[in-house]
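Architecture and fold: a report
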Amino acid sequence: DTAVSQTPKYLVTQMGNDKSIKCEQNLGHDTMYWYKQDSKKFLKIMFSYNNKELIINETVPNRFSPKSPDKAHLNLHINSLELGDSAVYFCASSHKFPGQGVNEQFFGPGTRLTVL
Amino acid sequence: AQSVTQLDSQVPVFEEAPVELRCNYSSSVSVYLFWYVQYPNQGLQLLLKYLSGSTLVKGINGFEAEFNKSQTSFHLRKPSVHISDTAEYFCAVSPQRAGGTSYGKLTFGQGTILTVHP
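What you see is a predicted model, and the numbers here were worked out from it, not measured in a lab.

1. Looking at the pairing of strand β8 (residues 73–78) of chain A
All names here are of chain A. Inspection of the sheet shows strand β3 (residues 19–25) paired to β8 by 4 bridges, in the antiparallel sense. Across the sheet, S20 pairs through a bridge with H77, a residue of β8. Pairing analysis gives 5 bridges linking strand β7 (residues 64–70) to β8, with the strands arranged antiparallel. Among the inter-strand pairings, F64 is bridged to a residue of β8, identified as I78.

2. Regarding the environment of N26(A)
Position of N26(A) relative to the elements: it lies in the loop between β3 and β4 (31–37). Remark: the alpha-carbon pair of N26(A) and F106(A), spanning 80 residues in sequence, is separated by 11 Å.

3. Things to note about the confidence of the model for chain A
When pLDDT is averaged across chain A, the result is 88; 91% of the residues are at 70 or more. Mean pLDDT across the elements of chain A ranges from a minimum in strand β6 (residues 53–57) of chain A, with 79, to a maximum in β3(A), with 97.

4. Digging into the state of the cysteines
Scanning the entire structure with this criterion turns up 2 disulfides over all chains. One disulfide in the model links C23(A) with C91(A); its S-S distance is 1.8 Å. Here the disulfide of C23(A) and C91(A) is left-handed, its torsion about the S-S bond being about -75°. Here the residue C23(A) occupies a position in strand β3, and C91(A) occupies one in strand β9 (residues 87–94), the gap between them amounting to 68 residues. C23(B) shares a disulfide with C91(B); S-S distance 2.0 Å. Across the disulfide from C23(B) to C91(B), rotation about the S-S bond amounts to roughly -65°, and the bridge is consequently left-handed. Of the two residues, C23(B) sits in strand β4 (residues 23–27) while C91(B) sits in strand β10 (residues 87–95), which places them 68 residues apart along the sequence. For C23(B), a relative accessible area of 0% puts it in the buried group.

Thresholds applied
Per-chain numbering applies: the sequence of each chain, read as written, is numbered from 1 onward. Lettering for chains starts from A, numbering for ligands starts from 1, and both go in the order in which the items are written. The predicted nature of this model means local features are confined to residues of pLDDT at least 70 and side-chain atom pairs, given and counted, to a pLDDT of 80 or more, with totals for whole chains, interfaces and linings taken over all residues. Side-chain metrics rest on all non-hydrogen atoms present in the structure, leaving aside hydrogens and water. Two strands qualify as a pair provided DSSP detects at least 2 bridges between them. Only runs of H or I of at least four residues qualify as helices and only runs of E of at least two qualify as strands under DSSP, and these elements are numbered from the N terminus. Every residue gets a pLDDT, meaning the predictor's confidence in that residue, from 0 to 100. Pairs of cysteine sulfur atoms within 2.5 Å are what we label disulfides. Burial here depends on accessible area, computed with a 1.4 Å probe over protein chains only, as a share of the maximum for the residue type. Under 20% is buried, over 50% is exposed, and the range in between is partly exposed.

Now the structure itself:
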């Protein structure tokens, strides 16, 4: 069984479009994250949710909006896509809520977004 | 705030040779330390982590790392590499105790591409 899954794996779209990436974890974790990996492979956190509540919100354009319908899902919606949004987006989840212990994070396989 | 520097962007080695991937960090608070591996077109997998206690930690696939607090380093080592170890390796830190939104946040280094040649 896949622990952290993302759909789609590849996403190719035109500038200006709106798109969503879905993430689901079946590990029973409380906290979920979105990371962006740019063309130089640099990984940077974007958001973190705990039990559907936004915990970490880095300096990300407000065109990016995470949505957590329940604690097993954290979706990423992107409005008005730009060329610079092209990257690999990784979802992750952790066992413990920040503040209650070490959060070993488990990563999904990534979604490669290409904006033309 | 934390920052992580991986000193080598690429490390080529021959099969069965030893390897060391270097990682230095900067933080105003105590941190937990991690090494992740990313195989081509895959997500990240945890190799090992340092939380507390012995400064030498062992991970999966024969890797180990040593935490050196005075030098703020967490270098990854393997005594004999295999072709299958070819991948990109990421060092990361997470603050042990910090206010609200910082706790649990992983800060990654730039990655080191390890290429093992036959």
